[in-house]
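Residue strings, one per chain:
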Amino acid sequence: SFDDIGCAVVNRNNECATRQMLFDGHAVVVDYASGEELPAEKAFFALKTDVRTPRGFGIVGFKDKTQAEKFSAEHGKGKGFKWFELVDEKLK
């Protein structure tokens, strides 16, 4: 359990390939708009937003791509990312 999506990504990326696949298949995020839980692999993410997250990564998840892109354009990087694009991002 992680309190920040960025921490989950950093932790996942420090694992071997087999454990990364297991992580990907079991990771759950909360839709920022509705509070609904959904598989991370089906979510869209807004990066580097002005939302204050516990560890400061500013990543928020959405179940809808349009919502993620709109939110990101207004509060962040301007693009909605899928899980596998997110884990390829260089996070500090």
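Each remark here, short or long, concerns the structure printed above.
Basis of the calculations
Residues numbered from 1 in each chain as written. Predicted model: local features only at pLDDT ≥ 70, side-chain atom pairs only at ≥ 80, totals over all residues. Heavy atoms only, no water. Helix = DSSP H or I, 4+ residues; strand = E, 2+ residues; numbered from the N terminus. Buried < 20%, exposed > 50% of the residue type's maximum accessible area, 1.4 Å probe, protein only. Contact = heavy atoms within 4.5 Å. Arc of directions from axis to C-beta. Pairing = 2+ DSSP bridges. Axes fitted to C-alpha atoms, helices over the stretch in contact; angles between N-to-C directions.

Visitor: For the overall build of the chain, give the residues involved together with the corresponding values.
Guide: Across its full length, the chain holds 4 helices and 5 strands. The helix and strand sequence of the chain, counted from the amino end, reads α-α-β-β-β-β-α-β-α. Projected onto its principal axes, the C-alpha positions of the chain cover 35 × 25 × 20 Å. Looking at the chain as a whole, 39% of its 92 residues qualify as buried. Within the chain, residue pairs in contact and separated by at least 24 positions form 55% of the contacts whose partners lie at least 6 positions apart.

Visitor: How would you summarise helix H2 (residues 17-26) if you had to cite specific residues and measurements?
Guide: Residues three or four positions apart in an α-helix share a direction because the helix packs 3.6 residues into each turn. Looking only at H2, the buried set comprises Gln20, Phe23 and Asp24. Across the axial projection of H2, the buried residues extend over an arc of 100 degrees, all falling on one side. Projecting away from the buried face of H2 at angles above 90 degrees are the exposed residues Thr18, Met21, Leu22, Gly25 and His26.

Visitor: So what's going on with the sheet that holds strand E3 (residues 44-46)? Which residues, and what values?
Guide: Read across the open sheet, the 3 strands follow the order E4-E3-E5; overall the sheet is antiparallel. Unpaired on one side and paired on the other, strand E4 (60-62) and strand E5 (80-82) mark the two borders of the sheet. The sheet shows a mean angle of 40 degrees between the axes of neighbouring strands, direction not considered. For E3 and E5, the ladder comprises 3 bridges, and the chain directions are antiparallel. Residue Ala46 lies in a different strand from E5, and its bridge partner there is Gly80. With respect to the sheet, helix H3 (residues 65-75) is in contact with E3, E4 and E5, its orientation differing from that of E3 by roughly 5 degrees.

So far we have only geometry, and geometry alone does not tell us how the molecule works.
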